[in-house]
Amino acid sequence: MAEATDTMKAIEIGEENKDEVVQHDAAKYKAIETEPGVWKMGPMPVDPQQGFKAKEIQLFSVARPHMRAFHFAWLSFFVAFTCWFAFAPLMPVVRPALGMNLKQVFAVNIASVASTITTRFIVGPLCDKVGPKRCQTFLLAWITVFVLLGSSVTTVWGLGLVRFMIGFGGATFVVTQFWSSQMFCAEIVGVANATTAGWGNLGGGVTQMLMVGVYSFMLNVAKVGKNDGWRLSFIVPATVAGIVALAMWCVSDDSPRGDLNSLYAAGVMQRKTAKDSMKVGFSNINSWLLGVQYATCFGVELHVNNIAATYFAIGEGFHVGVIDAGLIASLFGWMNLFARSSGGFFSDYGNKIAGMRGRMWAHTICLFLEGLLLIIFSRMNTLPGAIPCLVVFSFFVQAAEGTSFGIVPYIEPTALGGVCAVVGAWGNIGAVAWGMLFLFGFSGNLPNGFATLGCIIIASAFVTFLIKIKGCSHMTGTLENANASYGKA
């Protein structure tokens, strides 16, 4: 009996070198061996040695548990991201309505990303304890309430408070990465993580178009005034967020075996506490080093999402109005449709060639090119020059995010939630830092601010040389001597 229990735990946790596959009666979903050594859950091939995680991404399937979770992971983050930055494209209208100056715009932008830092640290370990579905549903419900309240703000302080509260929902990213890591094998987890996160980040581009489109509808079709128009516009993203939260709660699963709370209670999987996950994930120095780099890709994306429409609207050489500025800014976010997935592909391809060392080189190159393209973008003062640079810069921003989370699952597999929390939180720490940089250093010269930020990004690319994951190759080492690398602080 003890031997069977040990085997079962090995299969659930993902240990290797166990030949026997034991499936617990209490598991909601069970795999079938369709031919010797080939296991499937429905049409999905799975690996029993990795906790029955999927070996393929069947993009056009919504079958439970793997692909249903995949689609809800990106969709929930997409909706959260859309709501999170719903104010950004309308700031050229909201700003005069509330009597705001440019420094107050930066301050409100900082508030919108600052609140996410603490939440990301907390939510990651909570995913290990209660499951990603519960965490994600609560966060979307929270967002729904405060986006609706956003339509009633009348002061700068009120706007700052509402955007601060909405910012808690940015922790949906951590849940998304945890969820897809739970569902897909190590061989494809880079692409899986990059795709769910990238399509979620796509909300940053969609919201630029959606909100100016809804605002235009309110003005031209509904025939309401400018002040009522921007306020009523927030009903749309809030309603969508509420619908997705309800559907996700009703028809999705935490893991390949079902919801974690049920699996823990039945003894199918060993219960993890938030405290243990936090302790292990937070104590690994690689989490923090990769987090610093994530601040210079995802943190930069958040900062650009907040300021891009305003940058084009007030830029002397661009000569565009509110709606056109929002549409141009949306190009930055739309690159998430494939750019972050490309980063995951680069990471997985590098892994095939040179193991973890290949993943790290892919990550370093993407960061370096990101910084270089931002410097070039900062020197462009006409639309024909700025728009192509913005698009290519955006590609490498999001590709670097994809390569980041191609590395994350390897840092501390037993405390994935804790690692996701640290790395994800650093993205928002970066967004706050870059907001402060522009607020206090470059509020009167945005192009120079972007050039300075580009230099910081290039410097961060070389942090990869300090990352050494136990049992893996690293930038200057080989597969043979990588076991000497450090893992914990």
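Everything below is about the structure printed above this text.
Reading the values: the criteria
- Residues numbered from 1 in each chain as written.
- Predicted model: local features only at pLDDT ≥ 70, side-chain atom pairs only at ≥ 80, totals over all residues.
- Heavy atoms only, no water.
- Helix = DSSP H or I, 4+ residues; strand = E, 2+ residues; numbered from the N terminus.
- Rg over C-alpha atoms; globule rule 2.2 N^0.38 Å.
- Contact = heavy atoms within 4.5 Å.
- Areas by Shrake-Rupley, 256 points an atom, 1.4 Å probe, with all protein chains shown as cover.
- Lys, Arg positive; Asp, Glu negative; His and termini not counted.
- Charge placed at Lys NZ, Arg CZ, Asp CG, Glu CD.
- Patch = residues over 30% accessible without salt bridge, like charges linked within 9 Å, V, L, I, M, F, W, Y side chains within 5 Å.
- Salt bridge = Lys/Arg side-chain N within 4 Å of Asp/Glu carboxyl O.
- Buried < 20%, exposed > 50% of the residue type's maximum accessible area, 1.4 Å probe, protein only.
- Axes fitted to C-alpha atoms, helices over the stretch in contact; angles between N-to-C directions.
- Parallel < 35°, antiparallel > 145°, perpendicular 65-115°, else oblique.
- Nonpolar A, V, L, I, M, F, W, Y, C, P; charged D, E, K, R; others polar.
- Pairing = 2+ DSSP bridges.
- Expected span 1.5 Å × (residues − 1).
- Bend = angle between axes of the 7 residues up to and from the residue.
- Polar contact = N/O pair within 3.5 Å; in protein donor to acceptor, adjacent residues only side chain to side chain.
- Phe/Tyr/Trp six-rings, centres within 6.5 Å; stacked < 30°, edge-to-face > 60°.
- Lys NZ or Arg CZ within 6 Å of the ring centre and 35° of its normal.

Q: When you look at the overall build of the chain in this model, what are you seeing that I'm missing?
A: Helices and strands together make up the secondary structure of the chain, namely 21 helices and four strands. By the compact-globule yardstick of 23 Å for 489 residues, the chain fits well, its C-alpha radius of gyration being 22 Å. In terms of overall dimensions, the chain has C-alpha extents of about 70 × 50 × 35 Å along its principal axes. Once local pairs closer than 6 in sequence are excluded, the contacts in the chain between residues at least 24 apart make up 77%. Accessible surface, the chain: about 18,200 Å² in total, of which carbon and sulfur atoms supply 67%. Of the side chains in the chain, 32 bear a positive and 27 a negative charge, and the two mean positions are spaced by 9 Å.

Q: Any chance you could explain a nonpolar patch on the surface here in plain terms?
A: On the surface, Trp 361, Ile 365, Phe 368, Leu 372, Ile 376, Phe 462 and Phe 465 cluster together to form a nonpolar patch covering roughly 590 Å² of accessible area. Mapped onto the elements, Phe 462 comes out in the segment after helix H21 (446-461). Overall, the relative accessible area of 46% leaves Phe 462 in the partly exposed class.

Q: It is not clear to me how the packing of helix H14 (residues 285-295) against helix H19 (residues 383-411) should be interpreted in this structure. Could you clarify?
A: Their axes nearest at 11 Å, the elements H14 and H19 cross at an angle of 170 degrees. One finds that H14 runs roughly antiparallel with respect to H19. Side by side, H14 and H19 meet where Asn 286, Ser 287, Leu 290 and Tyr 294 of the first sit next to Glu 401, Ser 404, Phe 405, Ile 407, Val 408 and Ile 411 of the second. Within the contact of H14 with H19, the residues separate by chemical class into six nonpolar, three polar and one charged.

Q: Is there a simple way to think about the pairing of strand S3 (residues 44-47) in this case?
A: Sheet faces and side chains relate simply in a regular strand, where the side chains alternate between the two faces. Judged by which residues are buried, S3 turns out to be covered on both faces: Met 44 and Val 46 on one side and Pro 45 and Asp 47 on the other are all buried. Note that strand S2 (residues 38-41) and S3 share three bridges and pair antiparallel. Along S3, the bridge assignment pairs Met 41 with Met 44. Where S3 meets strand S4 (residues 53-54), two bridges bridge the pair, whose relative direction is antiparallel. Bridge pairing in S4 links Val 46 to Ala 54. Counting the residues that bridge the hairpin from S3 to S4 gives five residues, and of these Gly 51 lies at a positive phi of roughly 70 degrees.

Q: Hey, could you run me through the environment of Gly 169 in this one?
A: Counting through the fold element by element, Gly 169 comes out in the loop between helix H6 (156-167) and helix H7 (172-183). For the pair Gly 169 and Thr 414, spaced 245 residues apart in sequence, the C-alpha separation works out to 25 Å. Leaving out residues up to four positions away in the same chain, Gly 169 has contacts with Ala 80, Leu 139 and Ile 143.

Q: Help me understand helix H4 (residues 102-130) in this model?
A: Three- or four-residue spacings in an α-helix give side chains the same orientation, since the helix completes a turn every 3.6 residues. Here H4 spans 42 Å end to end across 29 residues, near enough to the 42 Å set by a 1.5 Å rise per residue. Roughly 35 degrees is the biggest bend found in H4, and it falls at Thr 119. Near the N-terminus of H4, the side chain that reaches the backbone nitrogen of Lys 103, with its oxygen 3.1 Å away, is that of Asn 101. Looking one or two places after H4, you find Gly 131, whose phi comes out positive at around 100 degrees.

Q: Looking at this structure, how should I read the packing of aromatic side chains?
A: Geometry of an aromatic ring pair is reported as the spacing of the ring centres plus the angle between the planes. According to the stated counting rule, one finds 42 aromatic pairs in the structure shown. A ring pair is formed by Phe 312 and Phe 377, whose centres lie 6.3 Å apart and whose planes are at 65 degrees; its orientation type is edge-to-face. Pair noted here: Phe 312 is in helix H15 (residues 298-314) and Phe 377 is in helix H18 (residues 356-378), with a separation of 65 residues, a long-range link. In textbook terms, an aromatic cluster arises when at least three aromatic residues are bridged by ring pairs, as seen for Phe 77, Phe 81, Trp 84, Phe 85, Phe 173, Tyr 294, Phe 298 and Phe 405. Stacked on the ring of Trp 249, the Lys or Arg Lys 133 has its end atom at 5.6 Å from the ring centre. Taking NZ or CZ as reference, Arg 257 lies 4.4 Å from the ring centre of Phe 52, over its face.

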